[in-house]
Amino acid sequence: MTAPGGRLQRLEPLPARLLATPLDFILADHHRHRVLCYLCEKLADAGEFDTVLAALVADHIETELMDHIFDEEQDLFPLLRRRAKPEDDIKPVLAHLAGEHADDEKRATKIVTGLRRIIAYPDKPMSAALQRILRKFAASERRHLALENAIVIPLAKVRLTAKDQADLSERMAARRRARLADTAGSEDDAD
Ligand SMILES: [Fe+2]
Ligand SMILES: [Fe+2]
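One structure accompanies this document, and this report is about it. Predicted, not measured: the structure shown is a model, and the values here were computed from it.

1. Concerning the overall build of the protein chain
So, point 1. A tally of regular secondary structure across the protein chain gives five helices and zero strands.
So, point 2. Start at the N end of the protein chain and walk to the C end: the helices and strands fall as α-α-α-α-α.
So, point 3. Computed over the C-alpha atoms, the radius of gyration of the protein chain is 18 Å, within 12% of the 16 Å expected from 2.2 N^0.38 for a compact globule of 191 residues.
So, point 4. With the C-alpha coordinates aligned to their principal axes, the bounding extent of the protein chain is approximately 55 × 40 × 30 Å.
So, point 5. Relative to its full complement of 191 residues, the protein chain shows a buried share of 41%.

2. So, the environment of histidine 31
So, point 1. For histidine 31, the location among the structural elements is in helix H1 (residues 22-45).
So, point 2. Sequence separation between histidine 31 and alanine 128 is 97 residues, and the spatial gap between their C-alpha atoms is 28 Å.

3. A closer look at the coordination of the iron ion (ligand 1)
So, point 1. In this structure, Glu72 (OE), His101 (NE2), His144 (NE2) and Glu148 (OE) serve as the protein donors to the iron ion (ligand 1), at separations of 2.0 to 2.2 Å.
So, point 2. For the iron ion (ligand 1), the four donor atoms in the first shell make angles of 80 to 166 degrees at the metal, so the coordination geometry reads as irregular.
So, point 3. For the iron ion (ligand 1), the donor residues sit on a single chain with the sequence spacing E-x28-H-x42-H-x3-E.
So, point 4. Here the iron ion (ligand 2) and the iron ion (ligand 1) are spaced 3.1 Å from one another, each receiving a donor from glutamate 72. Of this pair, histidine 101 sits in helix H3 (residues 91-120) while histidine 144 sits in helix H4 (residues 128-159); the two residues are 43 residues apart in sequence, bridging distant segments of the chain.
So, point 5. Judged by relative accessible area, histidine 144 falls into the buried class, the value being 2%.

4. Re the coordination of the iron ion (ligand 2)
So, point 1. His30 (NE2), His68 (NE2), Glu72 (OE) and Glu148 (OE) make up the full set of protein donors to the iron ion (ligand 2), lying at 2.0 to 2.2 Å.
So, point 2. Each of the four donor atoms around the iron ion (ligand 2) contributes to a set of angles spanning 83 to 180 degrees, which defines the coordination as irregular.
So, point 3. We note that the donor set of the iron ion (ligand 2) lies within a single chain, spaced as H-x37-H-x3-E-x75-E.

5. Details of the pattern of salt bridges
When charged atoms on two side chains of opposite charge get close, those side chains can pair.
So, point 1. Taken as a whole and assessed by the stated rule, the structure comprises 17 salt bridges.
So, point 2. As a salt-bridge pair, arginine 175 and aspartate 75 come within 2.9 Å of each other at their nearest N and O atoms. Linking arginine 175 in helix H5 (residues 162-190) with aspartate 75 in helix H2 (residues 51-83), this pair joins segments that are 100 residues apart in sequence. For the pair formed by arginine 175 and aspartate 75, the shared burial category is buried.
So, point 3. One continuous salt-bridge network, built from bridges that share partners, spans Asp71, Asp75, Arg171, Arg175 and Arg176.

6. Structural notes on the packing of H1 against H2
So, point 1. Put simply, H1 and H2 touch, their axes get as near as 11 Å, and they point 145 degrees apart. Judged by the sense of rotation from one axis to the other, the crossing of H1 with H2 is left-handed. Two secondary-structure elements touch here, H1 through Leu23, Ile26, Asp29, His30, Arg32, His33, Leu36, Leu39, Cys40, Lys42 and Leu43 and H2 through Leu53, Ala54, Val57, His60, Ile61, Glu64, Leu65, His68, Glu72 and Leu76.
So, point 2. Here the residues of the contact of H1 with H2 are counted per class, giving twelve nonpolar, four polar and five charged.

7. Structural notes on unusual backbone geometry
Note on backbone geometry: most residues besides glycine have negative phi, and most peptide bonds are trans.
So, point 1. At aspartate 89, a residue that is not glycine, the phi angle is positive and equals roughly 50 degrees.
So, point 2. You can see aspartate 89 is positioned in the loop between H2 and H3.

8. A word on the layout of surface pockets
So, point 1. Estimated volume of the largest pocket: approximately 190 Å³.
So, point 2. Sorting elements by how many residues they give to the lining of the largest pocket places H5 first, with five residues.

9. Some thoughts on the packing of H1 against H4
Think of two packed helices as two axes; the pair is described by the angle between the axes and how far apart they sit.
So, point 1. Packing of H1 against H4 brings their axes to within 9 Å, and their N-to-C directions diverge by 165 degrees. The orientation of H1 with respect to H4, classified from their angle, is roughly antiparallel. When you trace H1 past H4, the crossing you get is left-handed.

Parameters at a glance
Residues numbered from 1 in each chain as written. Chains lettered and ligands numbered in written order. Predicted model: local features only at pLDDT ≥ 70, side-chain atom pairs only at ≥ 80, totals over all residues. Heavy atoms only, no water. Helix = DSSP H or I, 4+ residues; strand = E, 2+ residues; numbered from the N terminus. Rg over C-alpha atoms; globule rule 2.2 N^0.38 Å. Buried < 20%, exposed > 50% of the residue type's maximum accessible area, 1.4 Å probe, protein only. Donors = N, O, S within 2.8 Å, 3.2 Å for Na, K, Ca; no water. Tetrahedral: all angles 85-135°; square planar, octahedral: opposite > 155°, others 65-115°. Salt bridge = Lys/Arg side-chain N within 4 Å of Asp/Glu carboxyl O. Axes fitted to C-alpha atoms, helices over the stretch in contact; angles between N-to-C directions. Left-handed = near helix turned anticlockwise from the far one by under 90°. Contact = heavy atoms within 4.5 Å. Nonpolar A, V, L, I, M, F, W, Y, C, P; charged D, E, K, R; others polar. 1 Å grid on protein atoms, 1.4 Å probe; cavity = no way out; pocket = protein on both sides within 12 Å on 5 of 7 lines; lining within 4 Å. Points joined across faces, edges and corners; volume = space filled by probe spheres on them. Parallel < 35°, antiparallel > 145°, perpendicular 65-115°, else oblique.

The structure is reproduced here in structure tokens:
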């Protein structure tokens, strides 16, 4: 699957070692968000529904995208609120981004539900409403991560201490360990 410009567009897992430098991990995750946006638009525009791609997108939203939003909401943004100086004027930016997270989470839930429904009943065409939500999610997400890349990450690189970044790294790693343990637990229950 190749995007305009010839770059491969896949939702590849990020290397776990990148978690040691959590701000780089977040930046790499933002690149995957661009891929996710491209794939959402591809699903919305496709003449024929691609169930494999739809499942990939739904799974990614439910797992890694949610991890990312929690990384920022629960860890990165609170750290930055504490460390930023008044002249950084970052609090309104973080409040705006938190509002966008809430909107994106609502759209993401609708996308996952809509895609899973079509996967279960592939004879039904995609509704115009779901196509609209997929396109809107992609457009909104692109603006969001451009703002984070331009303002939030550069400021965090300057203001967060080495200890902050080590704590952030540990929290992000723990979040992923907990999700994987939950998944393993539910798969055992299903056996
Ligand atoms: Fe965000
Ligand atoms: Fe982000």
